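What the coordinates show
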Amino acid sequence: MSYEVQSTLPEKVQSSVMTEYERRAPVMGEQERRGSEPSLRPAFFQKFRPPLVKTIIQQVVSERLNQAIYDKDQAPGWAHEIAEEIKKKLLEMELNRYKYIVNVTIMENKGAGARMQVNCLWDSDTDNLAQETFRNVNGTIICVVMAFGVYFY
């Protein structure tokens, strides 16, 4: 970002009028100069959208667990595979500068209660969460998935 100073001052004096920001800013290429000003916030269309992510979660979990029968030995592997697949699909969305956290919990459905709580300190304008609770068709599995999108400043 450079400003043209139109003045009758000598060139040496004009060059010392640059702001501190201009001195520290890296030299940008022609493509970046034509673009918009750099921003600390993502554009509206580049934000983490929970409804879209929720659809991804539903698709991945139902493909993997819909016909499965709960097995305590296989559940950790299923959780890992589901988390990796969701993370891969989130990365395919190409939301620049977002970091993702995917938490998958698989439980046997025996009627027992479960409580989950997550506390986060984040920027409510850019960061968000998508969550989904899934019960398979034969009723033996409950899967809770939380996907966090955190904007990296």
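Note on numbering: residues in each chain are counted from 1, in written sequence order. A pLDDT threshold of at least 70 governs which residues receive local features in this predicted model, and a stricter bar of 80 or more applies before side-chain atom pairs are shown or counted, although totals over entire chains, interfaces and linings include all residues. Each side-chain value is derived from all of the structure's non-hydrogen atoms; neither hydrogens nor water enter the calculation.

If you check an unreviewed UniProt entry, the chain appears there as Tctex1 domain-containing protein 2 from Rhizophagus clarus.

Before going further, it helps to spend a moment on the environment of Thr-126. Structurally, Thr-126 is set in the loop between strand 1 (98-108) and strand 2 (128-135). C-alpha separation for the pair Thr-126 and Phe-44, spaced 82 residues apart in sequence, amounts to 9.4 Å. Contacts are residue-level and defined by heavy atoms, with any inter-residue pair within 4.5 Å sufficient. For Thr-126, the residues in contact, after removing those within four places along its chain, are Arg-41, Pro-42, Tyr-98, Gly-149, Tyr-151 and Tyr-153. A 3.5 Å cut-off defines polar contacts: any pair of N or O atoms within that distance qualifies, except that in protein one atom must be a possible hydrogen donor and the other a possible acceptor, and neighbouring residues in sequence count only when both atoms are side-chain atoms. Within the local environment of Thr-126, its side chain forms a polar contact with the side chain of Tyr-153, the two groups lying 3.3 Å apart. In DSSP terms, a helix is any run of H or I states spanning at least four residues, a strand is any run of E spanning at least two, and both are numbered starting from the N terminus.

The phi angle of most residues is negative, glycine excepted, and most peptide bonds adopt the trans form. Backbone geometry at Glu-94 places phi at a positive 55°, although glycine is not the residue there. Within the fold, Glu-94 resides in the loop between helix 5 (75-92) and strand 1. With phi around 70°, Arg-97 is a residue other than glycine that occupies positive phi space. Mapping Arg-97 onto the fold places it in the loop between helix 5 and strand 1. Each residue is assigned to one of three classes by its accessible area relative to the maximum for its type, calculated with a 1.4 Å probe on protein chains only: buried under 20%, partly exposed between the two thresholds, exposed over 50%. Judged by relative accessible area, which is 38%, Arg-97 ranks as partly exposed.

This paragraph deals with the pattern of salt bridges. A carboxyl oxygen of Asp or Glu within 4 Å of a side-chain nitrogen of Lys or Arg is what we treat as a salt bridge. Taken as a whole and judged by the stated rule, the model has seven salt bridges. The partner of Lys-54 in a salt bridge is Glu-132, with the nearest N and O atoms 3.8 Å apart. Linking Lys-54 in helix 4 (residues 50-65) with Glu-132 in strand 2, this pair joins segments that are 78 residues apart in sequence. Given the relative accessible area of 35%, Lys-54 is considered partly exposed. Between Arg-64 and Glu-81 there is a salt bridge whose closest N-O contact spans 2.8 Å. Highlighted residues: Arg-64 in helix 4 and Glu-81 in helix 5, separated in sequence by 17 residues. On the accessibility criterion, Arg-64 (33% relative accessible area) is partly exposed. A residue is classified by how much of its surface remains accessible, and Glu-81, at 42% relative accessible area, is partly exposed. Connected through shared salt-bridge partners, Arg-41, Lys-47, Asp-123 and Asp-125 make up one network.

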